[in-house]
Amino acid sequence: MFIVTAHVPRKRLIAGGITALCCCLAVAAALILTLGGKTVPTTAELSGVRSNEDRIAYLSRLGWQTTGQSVTTEELLIPETFDESYADYLALQSAQGFDLTKYTGKRIKRYTYELTNYPDSAVKVRAALLIYRNKVIGGQLQAVDGSFVLPLSGKQ
């Protein structure tokens, strides 16, 4: 049987203890921030959206039915910098788990679909999906008459 002993200076022992405590606090804070009552958005970015069927399936998972084909397909350029006129739109996207600031200067496509099952049938509503390299990076519901813009969930 062998016994190994080591002499560790008190200052190093205290420094190691403080370092370990800081690491534990950082991990605990990260867990609290990610799990502490915060839900994962159902509309967060999704890869592998290559076709019209994939886009319709994405909307279907959110509870929306469409007429089948996109009403419009547009190519857009995300600006290099966002001025204050984008603040509300960026907040809407962020609340859904999307971060458009990662795509500044990129060309994206916006596919717009007519919804057939929006609860208020008096208002025509369309769902717009923002796609970059087969990935949903944003989207919203919008009244055709311009009276509102909502998250893809339809909840304000």
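It should be noted that the structure appears before, not after, this text.
These remarks concern the structure in this document. What you are looking at is a predicted structure, and each value in this text was computed from that prediction instead of being measured.

Considerations on the overall build of the protein chain
The helix and strand inventory of the protein chain stands at 3 helices and 6 strands. In sequence order, the secondary structure elements of the protein chain are arranged as α-β-α-β-α-β-β-β-β. In the protein chain, which comprises 156 residues, the proportion classed as buried is 28%. A separation threshold of at least 6 residues defines the contact pool for the protein chain, and within that pool the share at least 24 residues apart is 59%. Surface summary for the protein chain: the accessible area is close to 10,600 Å², and the carbon and sulfur share equals 57%.

Quick word on unusual backbone geometry
Not every positive phi belongs to a glycine, and R133 is a case in point at roughly 50 degrees. Looking at the element boundaries, R133 is found in the loop between strand 4 (125-132) and strand 5 (135-143). Under the relative-accessibility criterion, R133 is labelled exposed at 71%.

A short note on the side chain of Q93
Examined against the element boundaries, Q93 turns out to sit in helix 3 (residues 87-95). Judged by its relative accessible area of 0%, Q93 falls in the buried class. Discounting chain neighbours no more than four positions away, the residues touching Q93 are F98, L100, G138, G139 and Q140.

Quick look at the packing of aromatic side chains
With the rule as written, the count across this model stands at 4 aromatic pairs. Seen from their ring centres, F82 and Y86 are 5.2 Å apart, and the 70 degrees between their planes marks the pair as edge-to-face. Connected via pairs of aromatic rings, a cluster forms that spans W64, Y118 and F148. The aromatic ring of Y111 is capped on one face by R55, whose charged end is 3.6 Å from the ring centroid.

Describing the nonpolar core
Among the nonpolar cores identified, the biggest contains 21 residues, and L141 and L152 are the most heavily contacted of them. Those elements giving two or more residues to this core turn out to be helix 2 (52-61), strand 3 (107-114), strand 4 and strand 5. No other element matches the 4 residues that strand 4 contributes to this core. Formed by 8 residues, the second largest nonpolar core is a distinct cluster that contains I78, I108, L130 and I137.

A word on the pairing of strand 5
Burial within strand 5 is extensive, with 7 of its 9 residues counted as buried. Here strand 1 (residues 46-47) runs beside strand 5; their pairing, made up of 2 bridges, is antiparallel. Bridge pairing in strand 5 links L46 to V136. In the sheet, strand 4 pairs with strand 5 via 8 bridges, with the strands oriented antiparallel. Note that in strand 5 the partner of L129 across the bridge is G139. Counting the residues in the hairpin turn of strand 4 and strand 5 gives 2 residues, including R133, whose phi is positive at 50 degrees. The turn joining strand 5 and strand 6 (residues 149-150), which pair antiparallel and follow one another in sequence, is formed by 5 residues; a positive phi near 80 degrees is taken by G146.

So, how was this worked out
- Residues numbered from 1 in each chain as written.
- Predicted model: local features only at pLDDT ≥ 70, side-chain atom pairs only at ≥ 80, totals over all residues.
- Heavy atoms only, no water.
- Helix = DSSP H or I, 4+ residues; strand = E, 2+ residues; numbered from the N terminus.
- Buried < 20%, exposed > 50% of the residue type's maximum accessible area, 1.4 Å probe, protein only.
- Contact = heavy atoms within 4.5 Å.
- Areas by Shrake-Rupley, 256 points an atom, 1.4 Å probe, with all protein chains shown as cover.
- Phe/Tyr/Trp six-rings, centres within 6.5 Å; stacked < 30°, edge-to-face > 60°.
- Lys NZ or Arg CZ within 6 Å of the ring centre and 35° of its normal.
- Core = buried A, V, L, I, M, F, W, Y, C linked by side-chain atoms within 4.5 Å.
- Pairing = 2+ DSSP bridges.

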